[in-house]
Amino acid sequence: MSTVELDWENLGFDYMELPYRYRAYYRDGKWQEAGLTTDANITLNEGSPVFHYGQAAFEGLKAYRCKDGSINLFRPDQNAKRLQNSCQRLLMPEVPTDMFIEGLKQVVKANEAYLPPYGTGGTLYLRPNIIGVGPNIGVHPAKEYIFTIFAMPVGNYFKGGLTPTNFLAADYDRAAHKGTGQSKVGGNYAASLLPGAQAKAAGFADCIYLDPLTHTKIEEVGSANFFGITKDNEFVTPKSPSILPSVTKYSLLYLAKHRLGMETKETDIYLDDLDHLTEAGACGTAAVITPIGGFQIGDKLHVFYSQTEVGPVTKKLYAELTGIQFGDVKAPEGWIVKV
Ligand code: PLP
Ligand code: COI
């Protein structure tokens, strides 16, 4: 398959309108017609609950071109499950796993010319999303829904890739203690726009949210989870009801334990105990693994490993994770689905 001409090595994380997207419609209590379309626009009734009450959930995952030319999806069943959980939280109909994975495959195949070549570091980012639509005005769930999957070639989400970057402790919360933080719903991201913009204006890559109850513990980045490596070579990551269960984070927990022989723990990570972390990073589909250099808390900058060099454990985890995703390292059973 020939590819289009793009600067594959220098892709950022920007919208690009590709030829095809998958779309499915839910009406009369069931999923109706589903398939590919070339129309990137959706026309909706003005009363659609997605516009007023934020009835919207999404996912993010990637397709990877392997050395042998085949195409990998990384743990798409986990994204399907998480979307089902988000749908339950917002009273939306669940998208069945088979339909979710079939839609991903169709979108990747149809837009294959935009899949970055092996070795460029680029991937095809896939964005499934579901919205509540149709005439409505009271605060109650929609009767109709649209599920879409669109795609675009991407490179680094945070500039610099494996070069450490600085983050700012947020004053705001993105999600309440028992709110919607565990679900990948639009409202969480709307709530993160202002603190994210303030962090970026102050020269940081993004902010790191603290636990909404006490503001004494690390929660997560606005677009990725947080992990640290302790002085005892343990992989630690926050345990909280208000953070997103990251597929990347759970994959790293597994790889740290089973491939790197480390102890691992989901636990509280207190701001006043950061000295026991020798390395820290942001992890997620878009972020992959982004080393955290400095963490600004109030007027104090806490540096984990270095502001210029990636730490050795972070580097090993990155190699193991991306090696599996691009098909160069043997994957644990069930992690890779071929397109
Ligand atoms: N946390 C938030 C708020 C996110 O938006 C993401 C991105 O999906 C993640 C964590 C990482 O999740 P995953 O590894 O499943 O991409
Ligand atoms: C992802 O990593 O897929 C995300 O959804 C993060 C995003 C908000 C860019």
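Under the annotation held in an unreviewed UniProt entry, the protein chain carries the name Branched-chain-amino-acid aminotransferase and is attributed to Ligilactobacillus faecis. Looking at the protein chain in UniProt, the text filed under Cofactor (unreviewed entry) is "pyridoxal 5'-phosphate". In UniProt, the protein chain has this text filed under Sequence similarities (unreviewed entry): "Belongs to the class-IV pyridoxal-phosphate-dependent aminotransferase family."

A. Local environment of the pairing of strand 11 (residues 224-230). Along strand 11, six of the seven residues are buried, which leaves the element largely enclosed by surrounding structure. By the bridge criterion, two bridges tie strand 10 (residues 218-221) to strand 11 in an arrangement that is antiparallel. Among the inter-strand pairings, valine 221 is bridged to a residue of strand 11, identified as alanine 224. In this structure, the hairpin formed by strand 10 and strand 11 is closed by a connection of two residues. Across two bridges, the pairing between strand 11 and strand 12 (residues 234-238) is antiparallel. Paired with isoleucine 229 across the bridge in strand 12 is phenylalanine 235.

B. The environment of leucine 115, seen in detail. Structurally, the position occupied by leucine 115 is in the loop between helix 3 (97-110) and strand 6 (123-133). Looking at leucine 115, the number of C-beta atoms within 10 Å reads 24, which means it is buried. With 29 residues separating them in the primary sequence, leucine 115 and glutamate 144 have C-alpha atoms 32 Å apart. Beyond its immediate sequence surroundings of up to four residues, leucine 115 is in contact with Ala63, Arg65, Ile71, Val108, Leu124 and Pro153.

C. Highlighting the site of ligand 1. If you check the shell around ligand 1, you find 13 residues, and the closest are Ser246, Val247, Thr248, Gly284 and Thr285. For the shell around ligand 1, the secondary-structure elements that each account for two or more residues are strand 11 and helix 5 (247-258). A per-element tally of the shell around ligand 1 places helix 5 first, with three residues.

D. The arrangement of helix 2 (residues 76-89) in detail. When the terminal C-alpha atoms of helix 2 are compared, their 20 Å separation across 14 residues agrees well with the 20 Å that a helix rising 1.5 Å per residue should span. At the C-terminal side of helix 2, leucine 91 shows a positive phi close to 55 degrees.

E. View of the site of ligand 2. Close to ligand 2 lie Gly60, Ser223, Gly284, Thr285 and Ala286, which account for all nearby residues. Across the shell around ligand 2, the residue classes tally to one nonpolar, four polar and no charged.

F. Spotlight on the packing of helix 5 against helix 6 (residues 312-325). Relative orientation of the contacting elements helix 5 and helix 6 amounts to 110 degrees, with a least axis distance of 10 Å. The orientation of helix 5 with respect to helix 6, classified from their angle, is roughly perpendicular. The chirality of how helix 5 crosses helix 6 is right-handed. Across from Ser251, Leu252, Leu255 and Ala256 in helix 5, the residues of helix 6 making contact are Leu317, Glu320 and Leu321. By residue class, the composition of the contact of helix 5 with helix 6 is five nonpolar, one polar and one charged.

Rules behind the numbers
- Residues numbered from 1 in each chain as written.
- Chains lettered and ligands numbered in written order.
- Predicted model: local features only at pLDDT ≥ 70, side-chain atom pairs only at ≥ 80, totals over all residues.
- UniProt positions renumbered as here; feature names shortened; annotations may be inferred.
- Buried ≥ 20, exposed ≤ 12 C-beta atoms within 10 Å, placed from the backbone.
- Helix = DSSP H or I, 4+ residues; strand = E, 2+ residues; numbered from the N terminus.
- Pairing = 2+ DSSP bridges.
- Contact = placed C-beta atoms within 7 Å.
- Near = placed C-beta within 6 Å.
- Expected span 1.5 Å × (residues − 1).
- Nonpolar A, V, L, I, M, F, W, Y, C, P; charged D, E, K, R; others polar.
- Axes fitted to C-alpha atoms, helices over the stretch in contact; angles between N-to-C directions.
- Parallel < 35°, antiparallel > 145°, perpendicular 65-115°, else oblique.
- Left-handed = near helix turned anticlockwise from the far one by under 90°.

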